[in-house]
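Tertiary structure, described
Here's the letter readout for the chains.
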Amino acid sequence: MKILIRGGRVVDPASGRDGVGDVFVADGVIAAAAATPDRVIEAGGLVVAPGLVDLAARLREPGLEYRATLESEMEAAVAGGVTSLACPPDTDPPLDEPGLVDMLRRRAGALARARLYPVGALTVKLAGERLTEMTELAAAGCVAFSQANAPLTDTQVLWRALQYAATFGFRVWLRAEDPWLAKGGVAHDGEVATRLGLAGIPAFAETSALATLLELVRATGTRLHVCRLSTAAAVGMIRAAKAEGLPVTCDVGIHHVHLSDMDLGYFDAQCRLQPPLRTQRDRDALAAALADGTVDCAVSDHTPVDEDHKQLPFDEAEPGATGLELLLPLALKWGRERKLGLAAALARVTSEPARVLGVATGRIAPGAPADLVLFDPEAPLRVTPQALKSQGKNSPFLGYELAGRVRATLVAGQVVYEA
Amino acid sequence: MPRNPQLNAHGELQHLLSIEGLPREVLLQILDTAHSFAGVTERDIKKVPLLRGKSVFNLFFEASTRTRTTFEIAAKRLSADVINLNVAVSSQSKGESLLDTVANLSAMQADLFVVRHGSSGAPYLIARHVKPHEHVINAGDGRHAHPTQGLLDLYTIRHYKKDFARLTVAIVGDVLHSRVARSLVHGLTTLGVPEVRVIGPQTLIPAGVGALGVHVFHDMRAGLKGCDVVVMLRVQNERMDGALLPSAQEFFRNYGLTAEKLALAAPDAIVMHPGPMNRGVEIDSSVADGPHSVILPQVTFGIAVRMAVMSIVAGN
């Protein structure tokens, strides 16, 4: 199948290319020269960019199919222009056995939508006690190892897990949150939580855990990816760690560069997220750090939650927000607010996460996999439950009008979504 | 931020969820109305027909005797029909969701829900889902608010002190977990009290509380100096012997109100407590039963205040 994508504004963050031109696809990869195409896609007025790479999307399989299924969430991914996604291991059971990982990859492969990169559990059942069979899991397709949101309270186990992963050169993706300091908390420990009477998670729950992680990286040399930064202070620590030359990368949830604890309003459970939304100062620091590269990439942290688990008092509601279909418009909104060029904004959801993942996608270059998104950056998108293909309709942005609509998505040279 | 969910399109009280955000005029209207009801409670026939034919559902997801009883008395004096539901031991334990419980009661033609719940914000969730003619009164939600208690505290202060604009008020004890403290602070600042203090150990003072317009004291003696009103908070037994407090005895030593400490306050200071009291933990019996104490009048005023709130809310 040869496809000619004609006359679009081609934006390739990896090379900095930004200009009107044609993109030719043959045999699943970007091709240099045009032979006779089987199909021509007119892309006038559209942006042609690498498909989005999302490092955190919960698909809820196996085990949590009443919240979402692989079918629904893969459909949501390509509708959102996401062509590669990494799924955290917090399924039921967790991704701690090669058989589960293998089954998940097969199921995803059969759907032929986005590419799926499972992240394996770092410890058995995510219980933080015994290491998983990391080499077996890697052989089954795990690209990294993580605890997702599960705590790893025993720092002896944490140390050994990082050592073991470093032995084989595996990447470890962890959130920085001291489970004891965060215990019982549901919102940022500050004025808003005090006013609303919500139990707080202090900012230093993040920084103290991050300090421990960075010390362990110094000791073990493990390649660490810190997931979902939420505080300005942690951004400063990452900046210093990178300056020191530590092998550290990090990401931020896209909601956290737009929202703060003020958005909790009158107990809006849609704003119950993990980590919690913090102050406007933290939000601004995250948005700036994502622009200057201290924070490598933005992720959707896609977490479908059914209505029954959101229509509850704030502290009983399940944390998380849907995000696969909002990652692109929210990244574009962030880029506009920071006055970044389109290539610089898209880098944070394409080429940079691809670099963290260590894959060849996320760029438009001859020979690269033809994972592409065609979108209209100005077209309005009203966020309603009906507009979302994901089974998760839970979003703090419900009712908002965002800009940026996906018109077509290609994975490995195949059109997998068209609107 | 969305419109204050307890006010209707005309700025009138549709629900009472929190004192925060209520205009001064609304607070004064409630206090004045309560004053007019105070006479009713002293008559031989203690009833007015304002809520005749209305159904008041006392919906308590958390155990309570006193608050529930005073709401029941208030509703009956307004001639309403009162249904008490101790949900803590019925439908919730069978797994029914909060909104399903409310929908079922709504189908039984409720007019007014009086709700107590262990989770902050639960009455907001209910208020968002009730029918337009139904009203919700928050009778205490988590650590967030206990607005009728706050209002009866304001009523008590006005009764004894008249002018809010000259007062120094201290709130002492477990501010972190106290919905009573939060509601009273909002009420006092709205009514123009120039100096509101909170006194307690760092473990029981919430982060950023200064943003509510209060001054924080950790030394009780310094904090009580010159106070016209001293509000003692209940310290829950489960807060003792843990990471927040070492023991009841040690709490009493530092933050218990004794006659000796009370002598540092203004000579005509009043002492308040939302009840139930822990004698010898946060307050000494000689103070609780002494001449400065207005703790029992608070309970009496509470009925008139709850009558006022119910009649105003149901009338809007």
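It should be emphasised that the depicted structure is a prediction, and the values quoted were computed from it without experimental measurement. (Residues numbered from 1 in each chain as written. Chains lettered and ligands numbered in written order. Predicted model: local features only at pLDDT ≥ 70, side-chain atom pairs only at ≥ 80, totals over all residues.)

**Observations regarding the overall build of chain A**
Condition: Each helix is a run of DSSP H or I of at least 4 residues and each strand a run of E of at least 2, with the numbering of both proceeding from the N terminus. Computation of the radius of gyration draws on C-alpha atoms, with the globule rule given as 2.2 Å multiplied by the number of residues to the power 0.38. Exposed residues have 12 or fewer other C-beta atoms within 10 Å of their own C-beta, buried residues have 20 or more, and residues in between are partly exposed; the C-beta atoms are placed from the backbone. Each residue gets a C-beta atom placed from its backbone, and two residues are in contact if those atoms lie within 7 Å.
Each helix and strand counted, chain A has 12 helices and 18 strands in total. Computed over its C-alpha atoms, the radius of gyration of chain A comes to 20 Å, within 12% of the 22 Å expected for a compact globule of 419 residues. Out of the 419 residues belonging to chain A, those deemed buried represent 58%. Within chain A, contacts between residues at least 6 apart in sequence are counted, and of these 76% link residues at least 24 apart.

**So, the overall build of chain B**
The helix and strand tally for chain B stands at 11 helices and 9 strands. Taking 2.2 N^0.38 as the reference for a compact globule, 316 residues should give roughly 20 Å; the C-alpha atoms of chain B span a radius of gyration of 19 Å, in line with that estimate. In chain B, which comprises 316 residues, the share counted as buried stands at 50%. Look at the contacts in chain B between residues 6 or more apart in sequence, and 76% of them connect residues 24 or more apart.

**Concerning helix H7 (residues 204-220) of chain A**
Residues and elements named next belong to chain A. Put simply, the rule is: Take the residue count of a helix, subtract one, and multiply by 1.5 Å to get its expected span. The arc in question is the one traced by the directions running from the helix axis out to the C-beta atoms.
The end-to-end C-alpha distance of H7, which contains 17 residues, comes to 24 Å, matching closely the 24 Å that a straight helix rising 1.5 Å per residue would cover. Turning to H7, its buried residues are Ala-205, Glu-206, Ala-209, Leu-210, Leu-213, Leu-214, Leu-216 and Val-217. For H7, the angular spread of buried residues about the axis comes to 160 degrees, placing them on one side. Those residues of H7 that are exposed and aimed more than 90 degrees away from the buried face are Glu-215, Arg-218 and Ala-219. At the exit of H7 stands Gly-221, carrying a positive phi of roughly 75 degrees.

**Observations concerning the interface of chain A and chain B**
One frequently used descriptor of interface size is the decrease in accessible area upon assembly of the parts. Taken together, the contacts link 19 residues of chain A with 25 residues of chain B. In terms of residue count, the dominant contributor to the side of chain A that touches chain B is helix H6 (residues 191-196) of chain A (4 residues).

**Structural notes on the environment of Val20(A)**
Residue and element names in this part refer to chain A. Structurally, Val-20 can be placed in strand E2 (residues 17-26). Separated by 25 residues in the primary sequence, Val-20 and Gly-45 have C-alpha atoms spaced 9.4 Å apart. Ignoring any residue separated from it by four or fewer positions in sequence, one finds Val-20 in contact with Gly-7 and Arg-9.

**Things to note about the sheet that holds strand E8 (residues 115-121) of chain A**
Residue and element names in this part refer to chain A. Quick reminder of the rule: Only when DSSP finds a minimum of two bridges between them are two strands counted as paired. Interaxial angles span 0 to 180 degrees and are taken between N-to-C directions of axes, which are lines fitted to C-alpha atoms, for helices over the stretch in contact.
On the basis of which strands lie adjacent, the open sheet formed by 8 strands has the order E6-E7-E8-E9-E10-E13-E14-E15 and parallel pairing. Each having just a single partner strand, strand E6 (52-54) and strand E15 (297-299) make up the two edges of the open sheet. Geometrically, the sheet is characterised by an average inter-axis angle of 25 degrees between neighbouring strands, direction not taken into account. Sheet analysis places E8 next to strand E9 (residues 144-146), joined by 3 bridges and oriented parallel. Within E9, the residue paired with Val-119 across the bridge is Ala-144.

**So, the sheet that holds strand E9 (residues 270-272) of chain B**
All names here are of chain B. Spatially, E7-E6-E5-E8-E9 is the arrangement adopted by the 5 strands of the open sheet, whose pairing is parallel. Strands with a single pairing partner mark the edges of an open sheet, and in this sheet they are strand E7 (215-217) and E9. For this sheet, the mean angle separating the axes of adjacent strands, direction not counted, is 20 degrees. Note: strand E6 (residues 195-199) against E7, 3 bridges, orientation parallel. In the strand pairing of E7, Val-198 is matched with Val-216.

**Here's the deal with the nonpolar core**
Rules: To count as a nonpolar core, a set of buried Ala, Val, Leu, Ile, Met, Phe, Trp, Tyr and Cys residues must be joined through C-beta atoms within 7 Å.
Counting residues in each nonpolar core, the largest one holds 123 residues, and the members touching the most others are Phe145(A), Val172(A), Leu213(A), Val226(A), Leu327(A) and Ala331(A). Examining the composition of this core, we find that 7 residues originate from one element, H7(A), more than from any other. Apart from residues no more than four positions distant in its own chain, Ala331(A) is found in contact with Ile254(A), Ala298(A), Ala345(A), Arg348(A) and Val349(A). Counting residues in hydrophobic clusters, the runner-up holds 116 residues, among them Ile171(B), Val198(B), Tyr255(B) and Met307(B).

**Looking at the environment of Val115(B)**
One can find Val115(B) in strand E3 (residues 112-117). Sequence-distant contacts of Val115(B), defined by excluding residues within four places in its chain, comprise Leu59(B), Ala122(B), Pro123(B), Ile126(B), Val136(B), Asn138(B) and Ala139(B).

**Considerations on unusual backbone geometry**
Going from Glu61(A) to Pro62(A), the amide bond is cis rather than trans, its omega being 0 degrees. Along the chain, Asp92(A) connects to Pro93(A) via a cis peptide bond; the corresponding omega equals 0 degrees. Mapped onto the secondary structure, Pro93(A) falls in the loop between strand E7 (82-87) and helix H2 (98-111). At Asp27(A), a residue that is not glycine, the phi angle is positive and equals roughly 55 degrees. If you trace the backbone, Asp27(A) turns up in the loop between E2 and strand E3 (29-31). Phi at Ser79(B) is positive, roughly 70 degrees, even though this residue is not glycine. Here Ser79(B) is to be found in the loop between helix H2 (66-77) and strand E2 (81-85).

**Quick notes on the pairing of E8(A)**
The side chains of a regular strand alternate, first on one face of the sheet and then on the other. All names here are of chain A. Selection rule: For crossovers, right-handed means that the path from the first strand over the helix to the second runs clockwise, given strands pointing away from the viewer.
Along E8, 7 of the 7 residues are buried, which leaves the element largely enclosed by surrounding structure. Sheet topology places E7 next to E8; 4 bridges connect them, and they run parallel. Across the sheet, the residue bridging to Cys-87 is Pro-118, located in E8. In this region the chain leaves E8, passes through helix H3 (residues 134-140) and returns to the parallel neighbour E9; the handedness of that crossover is right-handed.

**Thoughts on the packing of H7(A) against helix H8 (residues 232-244) of chain A**
Residue and element names in this part refer to chain A. Threshold: Angles below 35 degrees are treated as roughly parallel, those above 145 as roughly antiparallel, those between 65 and 115 as roughly perpendicular, and all remaining angles as oblique. The handedness criterion is simple: a crossing whose near helix is rotated anticlockwise from the far helix by less than a right angle is left-handed, and one whose near helix is rotated clockwise is right-handed. Classes in brief: Ala, Val, Leu, Ile, Met, Phe, Trp, Tyr, Cys and Pro nonpolar; Asp, Glu, Lys and Arg charged; the others, Gly included, polar.
Two numbers describe how H7 lies on H8: the axes approach to 9 Å, and their chain directions differ by 15 degrees. Put simply, H7 runs roughly parallel to H8. Judged by the sense of rotation from one axis to the other, the crossing of H7 with H8 is right-handed. Residues Glu-206, Thr-207, Leu-210, Ala-211 and Leu-214 of H7 lie in contact with H8, whose contacting residues are Ala-233, Ala-234, Met-237 and Ala-241. Grouping the amino acids of the contact of H7 with H8 by side-chain chemistry returns 7 nonpolar, 1 polar and 1 charged.

**Observations regarding the pairing of E3(B)**
Residue and element names in this part refer to chain B. In terms of burial, E3 is a largely internal element, 6 of the 6 residues being buried. Of the two faces of E3, both are covered, the one formed by Leu-112, Val-114 and Arg-116 as well as the one formed by Phe-113, Val-115 and His-117. Both strand E1 (residues 55-60) and E3 contribute to a ladder of 5 bridges, which runs parallel. The partner of Val-56 across the bridge, within E3, is Leu-112. Pairing of E3 with strand E4 (residues 135-141), which is carried by 5 bridges, proceeds in the parallel orientation. Across the sheet, the residue bridging to Leu-112 is His-135, located in E4. Handedness of the crossover is the feature at issue here: the chain leaves E3, passes through helix H4 (residues 122-129), returns alongside E4, and the resulting connection is right-handed.

**Considerations on helix H9 (residues 280-292) of chain A**
Residue and element names in this part refer to chain A. For H9, which comprises 13 residues, the first-to-last C-alpha distance of 18 Å matches the rise-based estimate of 18 Å (1.5 Å per residue) to within 8%. Within H9, the full set of buried residues consists of Asp-282, Arg-283, Ala-285, Leu-286, Ala-289 and Leu-290. Down the axis of H9, the buried set is contained in an arc of 165 degrees. They therefore lie on one face. Opposite the buried face of H9, by more than 90 degrees, sit the exposed residues Arg-281 and Asp-292. Of the surrounding elements, those touching the buried residues of H9 are H8, strand E14 (248-253) and E15.

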